[in-house]
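As a plain string of letters, each chain reads:
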Amino acid sequence: RFLAPIGKISKIAFHNDTIVIVDGQTNSIFLFDNDGRFLSKIKKVGRSRQEYLEISDVFIADDYILIYDKYQFKVCCYDFNGRYLYSFDTQDGVRIMENQKRIFVCTNWMGGGCWNNHFIAEFTSDGKMVKTHIKKNSKDNNRISIGYDYFIKTVNGFDFLLLSKNIVYTLI
């Protein structure tokens, strides 16, 4: 039974038969079925590995919800019942996409990426990093940045724009 009021809605998403509402005021995620019946709530605020300080962004996949916390520089993953699955470290300013059960995390960090000087990291659906993409070149002198607003899912994979070079790449 749903009794708690929703504070400030910062995002609404529809996924299969689930309505996902992100409450930016209480740092909670509410899940409802298509008829509006309450299913579950995710609220894990704190500093442990399983918790977040703020819901900076949310990505919803088939069997899990990824929460990006820009204050702790990490992504936490929960199932639709609110059970913690895993988390991984990241950097400020990320964009998350999924393709064929792989999670792609893109950072726009001007220092050259946070995964061994790479801008994009590829993770399995259980949070293990398997590959990195787009290594910072020392000639770029920290001037390169990926426009994470331009990191988009396409039919063939992902397109992203290197802002300082005005080049669009496709990651398949």
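Residues numbered from 1 in each chain as written. Predicted model: local features only at pLDDT ≥ 70, side-chain atom pairs only at ≥ 80, totals over all residues. Heavy atoms only, no water.

1. Some words on the sheet that holds strand 4 (residues 38–42)
Read from one edge to the other, the open sheet built from 4 strands follows the order 1-2-3-4, with strand pairing classed as antiparallel. Two strands lie at the open edges of the sheet, namely strand 1 (9–15) and strand 4, each paired on one side alone. Each neighbouring strand pair of the sheet contributes to a mean axis angle of 15°, computed without reference to strand direction. Sheet analysis places strand 1 next to strand 2 (residues 18–23), joined by 6 bridges and oriented antiparallel. Looking across to strand 2, one finds that Ala13 is bridged to Val20. (Pairing = 2+ DSSP bridges. Helix = DSSP H or I, 4+ residues; strand = E, 2+ residues; numbered from the N terminus. Axes fitted to C-alpha atoms, helices over the stretch in contact; angles between N-to-C directions.)

2. With respect to the packing of aromatic side chains
Here the structure, examined in full by the defined rule, presents 5 aromatic pairs. Ring centres of Tyr52 and Tyr78 lie 6.3 Å apart, and the angle between their planes is 80°; on these two criteria the pair is classed as edge-to-face. With Tyr52 in the loop between strand 4 and strand 5 (57–60) and Tyr78 in strand 7 (residues 74–78), this pair connects stretches of sequence that are 26 residues apart. The buried category is assigned to Tyr52, whose relative accessible area is 0%. With a relative accessible area of 0%, Tyr78 lands in the buried category. Pairing Phe88 with Phe123 gives two aromatic rings, centres 3.9 Å apart and planes at 20°, and the pair type is stacked. Of this pair, Phe88 sits in strand 8 (residues 84–89) while Phe123 sits in strand 11 (residues 118–124), and the two are 35 residues apart along the sequence. (Phe/Tyr/Trp six-rings, centres within 6.5 Å; stacked < 30°, edge-to-face > 60°. Buried < 20%, exposed > 50% of the residue type's maximum accessible area, 1.4 Å probe, protein only.)

3. Quick notes on unusual backbone geometry
For Asn16, which is not glycine, the phi dihedral falls at a positive 50°. Within the secondary structure, Asn16 sits in the loop between strand 1 and strand 2.

4. A short note on the environment of Thr90
For Thr90, the position within the fold is in the loop between strand 8 and strand 9 (94–99). Residue class for Thr90 comes out buried when judged on its relative accessible area of 7%. Residues Thr90 and Val105 lie 15 residues apart in sequence; the distance between their C-alpha atoms is 8.2 Å.

5. Examining the pattern of salt bridges
Opposite charge on two side chains permits pairing when their charged atoms draw close. For the coordinates displayed, the defined rule picks out 5 salt bridges. For Asp57, the salt bridge identified is with Lys11, shortest N-O distance 3.4 Å. In this pair, Asp57 sits in strand 5 while Lys11 sits in strand 1, placing the two residues 46 residues apart along the sequence. Lys11 sits in the partly exposed class, given a relative accessible area of 32%. Taking the shortest distance from any N to any O, the salt bridge between Arg49 and Asp89 comes out at 3.0 Å. Within this pair, whereas Arg49 is found in the loop between strand 4 and strand 5, its partner Asp89 is found in strand 8, the two being separated by 40 residues in sequence. For Asp89, a relative accessible area of 45% puts it in the partly exposed group. (Salt bridge = Lys/Arg side-chain N within 4 Å of Asp/Glu carboxyl O.)

6. A closer look at the environment of Asp126
Mapped onto the fold, Asp126 is located in the loop between strand 11 and strand 12 (129–135). Residue classification places Asp126 among the partly exposed positions, given a relative accessible area of 40%. Distance in space between the C-alpha atoms of Asp126 and Leu85 is 7.6 Å, their sequence separation being 41 residues.

7. Describing the pairing of strand 2
A large share of strand 2 lies buried, amounting to 6 of its 6 residues. Here strand 2 shows a buried face lined by Thr18, Val20 and Val22 and a second buried face lined by Ile19, Ile21 and Asp23. Bridging between strand 2 and strand 3 (residues 28–33) involves 6 bridges; their strand directions are antiparallel. Its bridge partner lying in strand 3, Val20 is registered against Leu31.

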